[in-house]
Amino acid sequence: MSGSGGVFRQKFLNPDDVTLHCTDFKFEDREKEVLEMGCALTESDPDEGCENRKGGHGTAWENHYKTHKEKFYPIKNYIIKAFPDLLGEPNDESTPQRIMECGCGTGSAVLPLMKIRPHDEYFAFDISPTAVEGFKDHEVYKTVKSVTSFVWDCSKGSVPEELEGKAATFDFILLFFVLSAIPGDSMQATITFLSTYLKPNGAILFRDYGKYDHSQLRFHDKHVTPEHERCIYKSPSTASPIYFRGDGTQTYYFSVEEVDALARTAGLTASPSEYHCNQVTNRKNGKVMRKVFVNSVLRKAA
């Protein structure tokens with residue numbers, strides 16, 4: 001598939017054929033390793049150095065997708081293994097689930113679910129118009145019975161036309177690698193706002209970057225990431241620094257304690273919040289990358 005949002009390089013896999021790599025190493029061992037390195041992960045750049053990047057996340061992500069139209073976006077087949085509740089009851093099409101994906105990008109996370117459960121009702125949005133157009137161009141998108149995609153910045157708190165009258169009607173809200181891209185002072189408000197769309201016993205399915213991920217350490221290594229390609233900003237609203245890439249897009253690295261606290265403040269229960277630790281070896285240079293993610297189900301009371 002080649003559309004305005006990118007090219008998909010992976011095939012769709014049966015969930016039974018997918019392996020979720022989440023225990024390749026222990027988080028405690030990674031934490032000890034990083035502390036022994038002496039990495040100053042609380043170090044940040046002067047506030048004025050990041051001032052021109054804060055608040056421009058919408059423009060930054062749109063420029064990202066415009067620039068990388070031909071970039072390969074791997075299909076995230078593992079999402080269904082990370083959150084098996086998404087599969088619902090097998091062969092039960094009489095009670096379709098209503099699912100929202102926040103920050104759908106070009107659809108790499110929700111498309112595998114759409115392929116397996118085309119009878120469910122989907123609402124998907126992204127801050128980037130280019131990304132949304134790429135998502136709509138995929139052949140699987142066109143086979144789904146009910147799907148609504150639109151452009152929206154969920155950190156603003158305003159209700160888009162597509163979601164009017166739909167509070168407390170969603171079974172699941174997918175929040176994958178999105179909260180880390182939202183301004184620090186809007187993270188809590190975003191979780192709280194999204195929770196109003198959940199049914200009783202519904203859940204926000206959360207997956208995002210975790211502390212001590214290899215890419216976090218790269219930001220602090222000036223030999224790997226030159227000064228002009230990075231900006232590290234300590235927000236008063238977050239426990240750790242917020243990072244800006246060279247193209248202006250933002251990222252953040254969560255602890256499970258932070259995610260649990262965000263859930264509690266929003267009136268949700270996080271069960272379980274855990275670190276998923278995935279070790280990957282670069283085939284070209286043999287370098288080992290230790291990836292850390294936070295995986296959590298943030299559930300509304302029944």
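Structural data are supplied above this passage.
As the structure is a prediction and not an experimental result, all values here were calculated from the model.

## A few points about the overall build of the protein chain
The secondary structure content of the protein chain amounts to 9 helices and 12 strands. Across the 302 residues that make up the protein chain, the buried fraction comes to 50%. Of the contacts formed within the protein chain by residues at least 6 apart in sequence, a portion of 75% connects residues at least 24 apart. Carbon together with sulfur atoms contributes 49% to the accessible area of the protein chain, which is approximately 14300 Å² in total.

## Let's talk about the side chain of Ser 180
Here Ser 180 shows up in the loop between β6 (170-176) and α7 (187-195). According to the relative accessible area criterion, Ser 180 is buried, its value standing at 1%. Sequence-distant contacts of Ser 180, defined by excluding residues within four places in its chain, comprise Met 187, Asp 208, Tyr 209, Gln 250, Thr 251, Tyr 252 and Phe 254.

## Focus on the side chain of Ser 296
Position of Ser 296 relative to the elements: it lies in strand β12 (residues 288-299). Its relative accessible area of 1% is what places Ser 296 among the buried residues. A polar side-chain atom of Ser 296 sits 2.7 Å from a polar atom in the side chain of Ser 273. Excluding residues that lie within four positions of it along the chain, Ser 296 makes contacts with Phe 83, Ile 204, Leu 205, Phe 206, Val 259, Ala 270, Ser 271, Pro 272 and Ser 273.

## Notes on the packing of helix α3 (residues 57-67) against helix α6 (residues 129-136)
For the pair α3 and α6, the least separation of the axes is 7 Å and the interaxial angle reads 50°. Comparing their axes, α6 and α3 come out oblique. Touching Glu 62, Tyr 65 and Lys 66 of α3 are Pro 129, Thr 130 and Ala 131, all from α6. Of the residues assigned to the contact of α3 with α6, the class counts are 3 nonpolar, 1 polar and 2 charged.

## Quick notes on the environment of Tyr 141
In this structure, Tyr 141 sits in the loop between α6 and β5 (146-151). A C-alpha to C-alpha distance of 7.4 Å links Tyr 141 and Met 114, two positions 27 residues apart in sequence. Among the polar contacts listed, one links the side chain of Tyr 141 to the side chain of Ser 149, at a separation of 2.7 Å.

## Points about the sheet that holds strand β9 (residues 242-245)
Read across the open sheet, the 3 strands follow the order β8-β9-β10; overall the sheet is antiparallel. Edge positions in the sheet fall to β8 (230-233) and β10 (250-251), since each of these pairs with one other strand and no more. Pairing geometry for β8 and β9, over 4 bridges, is antiparallel. Residue Arg 230 lies in a different strand from β9, and its bridge partner there is Arg 245.

What counts, and at which threshold
- Residues numbered from 1 in each chain as written.
- Predicted model: local features only at pLDDT ≥ 70, side-chain atom pairs only at ≥ 80, totals over all residues.
- Heavy atoms only, no water.
- Helix = DSSP H or I, 4+ residues; strand = E, 2+ residues; numbered from the N terminus.
- Buried < 20%, exposed > 50% of the residue type's maximum accessible area, 1.4 Å probe, protein only.
- Contact = heavy atoms within 4.5 Å.
- Areas by Shrake-Rupley, 256 points an atom, 1.4 Å probe, with all protein chains shown as cover.
- Polar contact = N/O pair within 3.5 Å; in protein donor to acceptor, adjacent residues only side chain to side chain.
- Axes fitted to C-alpha atoms, helices over the stretch in contact; angles between N-to-C directions.
- Parallel < 35°, antiparallel > 145°, perpendicular 65-115°, else oblique.
- Nonpolar A, V, L, I, M, F, W, Y, C, P; charged D, E, K, R; others polar.
- Pairing = 2+ DSSP bridges.

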